[in-house]
Each structure stands twice: as structure tokens, then as C-alpha cells.
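Chains, contacts and geometry: an overview
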Amino acid sequence: MVSSVAVLSDVHGVLPALEAVLDEPDVRAADLIVVTGDHAAGPQPVEVLDRLRALGDRAVLVRGNADRELAEIARGEFPADQAWEIDRWAAGQLREEDVAFLADLPHPVTLEVEGFGKVVFCHGTPRADDEVVLVDTRLERWAEVFTGLPDDVRTVVCGHTHMPYMRLVDTRLVVNSGSIGMPYGRPGGSWALLYGGQVHLRHTAFDLDGAVRRVVEESGYDDRRAWAEHYVRGVTTDAEALRVFGPRDGRAAS
């Protein structure tokens, strides 16, 4: 059992954002760092994977849908015309060991955390790495999502939608730590700290100009400047993201 967990998610291949969050004192002091998926699909895929693996036993990496898809693209198992341009590029940068690493990542992961008991860490939901649930998803949908989840799991930590929130779902606590590299609604790296039975949603501001400049200088992706100017700066708002994601959580059209 661990007493403190720093939760990061959706780095999406943005090394300066990851470095800024890893440099946070509470992240450095945490017993464990759990990164809940979508690590490398972005402009600095290999650099981010190397930095995460350098954490060694201090980190647990969970598979995200983009991790699975990058491995499939690299192996020719994912239709190229259905992949984002940057994902096709990122998959082409991966070394053989990177592809195997991403393909073999676990999803979900259950850990014992002091003050919480069993905690399930996932990307989309416990049952699927690409399933969408949101802060305002209806209880009936959550009941479907949690089908088969053991009763003694009272906390679920997820990612995927790039917007931080914490809410109760019929007595279960659900936490989304937000995104490190592609935030929606607020520039900077969003993450969470589980400690002493409490969840702390945290945010790390960093030099956005410097981060964009580094991506442009260090990435080989052709459209890296436009990508960084949009995603690193958090141009997409939470309202825009919710409008896009909303239909995917099974809600009726308004």
C-alpha cells in the first residue's frame, strides 16, 4: 500500500509540460506517480517515453487509447486514413522497443492507496480505454460503465477527456486529473494528488512561450508550431470540448 499518489494524464508528447509537473515538490515527494494514458501521441513522443521510463519503479504507466493506437499504426494494424496526422508521424518515430512498450501497457490498474483502499486507475473508463464519461454524465451511464467493478473499489481515477473534475457517483468517488500536454479550458498542466484520504486537484503553470519554442526547436513534426500554439496554449475551451464529447457519453441530443 502506498500513502501518496501523484496522478498525471494525457501528456501527449509534450516534454516541457511533463518536466514542469514532474518538478513539482509534491510530485517529487509522492510515493508513486501514476500516469493514466496517452503518453506519446504528440510532437515529442520518444523524448516523453524516455523521461517517463527514467522514473523507474516510482511510476506506473497505464495504457491510453492513443498508446494502443500508436502501436497499432506502427505495426500496420490501424487504418492510416483514420489516424490523425500527428499520430501517424509519432508512430513513425517510435523505436521497436517503444512500440512493444506501449502495446504491453496495462489497462486498468488497481492499487491500494492509504485512506482510499482499492483505487482503479484507467484512461477512459475501467472497462474501455476510449470510453467517454464527463463531469455531467448521467448516473445511469455511470452504472453501465461500472458494471463488473468490485464493490470494494470506492475510487476510480480516469483521464481521456483532458478536463479535471472530481465528483461522487452513487457513493463512489471519481477523479479526472485533466491533461498535462493538451489541456482543455485552462493552459498549464493539470494533475491530482491522492494523500491522506483526500484528493487535491492541482495545476502547474509554466512558461507557455518557452514550451512552444522548445517544441518547435526539438520536434521534427512538420506542423509542430501550429500544433503547439493550439494545444500547449490550451486554445480549446472546456465548453467546446464538452460539446464534442457530450454525444459520446450516450446522452440524448439536446
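Data block above holds the structure.
In what follows, the accompanying structure is described. (Residues numbered from 1 in each chain as written. Predicted model: local features only at pLDDT ≥ 70, side-chain atom pairs only at ≥ 80, totals over all residues. Heavy atoms only, no water.)

Topic: the environment of S219
Definition in use: Only DSSP runs of H or I covering at least 4 residues are called helices, and only runs of E covering at least 2 are called strands; the numbering of each starts at the N terminus. We call two residues in contact whenever any of their non-hydrogen atoms come within 4.5 Å of each other. Polar contact is the term for a pair of N or O atoms within 3.5 Å; when the atoms are in protein, one must be able to donate a hydrogen and the other to accept it, and sequence-neighboring residues count only if both atoms are side-chain atoms.
Note on placement: S219 falls in the loop between α8 (208-218) and α9 (224-231). Residues S219 and P43 lie 176 residues apart in sequence; the distance between their C-alpha atoms is 5.7 Å. Among residues more than four places away in sequence, those in contact with S219 are P43, Q44, W89, R214 and R224. Polar side-chain contacts of S219 include one of 3.1 Å to the backbone nitrogen of Y221.

Quick notes on the nonpolar core
The line we're drawing: What we call a nonpolar core is a set of buried Ala, Val, Leu, Ile, Met, Phe, Trp, Tyr and Cys residues that are connected through their side-chain atoms within 4.5 Å. Accessible area is worked out with a 1.4 Å probe on protein chains only. A residue is then buried under 20% of its type maximum, exposed over 50%, and partly exposed in between.
Ranked by internal contacts, the top residues of the largest apolar core, which has 54 residues, are A6, L8, I33, L70, W191 and V232. Of all the elements, helix α1 (residues 15-22) adds the most residues to this core, at five residues. In this structure, V109, L111, V113 and A192 belong to the second largest nonpolar core, which totals 17 residues.

Description of the packing of α1 against helix α3 (residues 45-53)
What counts is decided by this rule: What counts as an axis is a line fitted to C-alpha atoms, over the stretch in contact for a helix, and the angles between N-to-C directions run from 0 to 180 degrees. Small angles under 35 degrees read as roughly parallel and large ones over 145 as roughly antiparallel, with 65 to 115 read as roughly perpendicular and the rest as oblique. We call Asp, Glu, Lys and Arg charged. Ala, Val, Leu, Ile, Met, Phe, Trp, Tyr, Cys and Pro are nonpolar, and the rest, Gly among them, are polar.
For the pair α1 and α3, the least separation of the axes is 9 Å and the interaxial angle reads 20°. Put simply, α1 runs roughly parallel to α3. Every residue of α3 that contacts α1 at L15, L18 and L22 is listed here: E47, V48, R51 and L52. Looking at the contact of α1 with α3 residue by residue, the class counts come to five nonpolar, no polar and two charged.

Some details on the environment of W142
Its place among the elements puts W142 in helix α7 (residues 139-145). Exposure remark for W142: the relative accessible area of 1% places this residue in the buried category. Ignoring anything within four residues of it in the chain, the contact list for W142 reads V133, L134, T137, Y165, R167, V169 and V174.

Side note on the side chain of D98
Here D98 shows up in helix α6 (residues 96-103). With a relative accessible area of 0%, D98 lands in the buried category.

Examining unusual backbone geometry
When glycine is set aside, most residues are seen to have a negative phi, and most peptide bonds are trans. With an omega of -10°, the peptide bond between H107 and P108 qualifies as cis. Tracing the chain through its elements places P108 in the loop between α6 and β4 (109-113). One non-glycine residue, H12, adopts positive backbone phi at about 50°. Along the polypeptide, H12 turns up in the loop between β1 (4-8) and α1.

Notes on the pattern of salt bridges
Rules: For this document, the term salt bridge refers to a Lys or Arg side-chain nitrogen within 4 Å of an Asp or Glu carboxyl oxygen.
Applying the stated criterion across every chain yields a total of 21 salt bridges. Between R63 and D129 there is a salt bridge, with the nearest N and O atoms lying 3.0 Å from each other. Remark: D129 occurs in the loop between β5 (117-121) and α7 and R63 occurs in the loop between β3 (59-61) and α4 (65-74); sequence separation between them is 66 residues. By relative accessible area, which is 18% here, R63 ends up buried. With relative accessibility at 4%, the residue D129 sits in the buried group. Here R95 and E97 are joined by a salt bridge, their closest N and O atoms 3.8 Å apart. Given the relative accessible area of 47%, E97 is considered partly exposed.

These results come straight from atomic positions and should not be treated as a statement about function.
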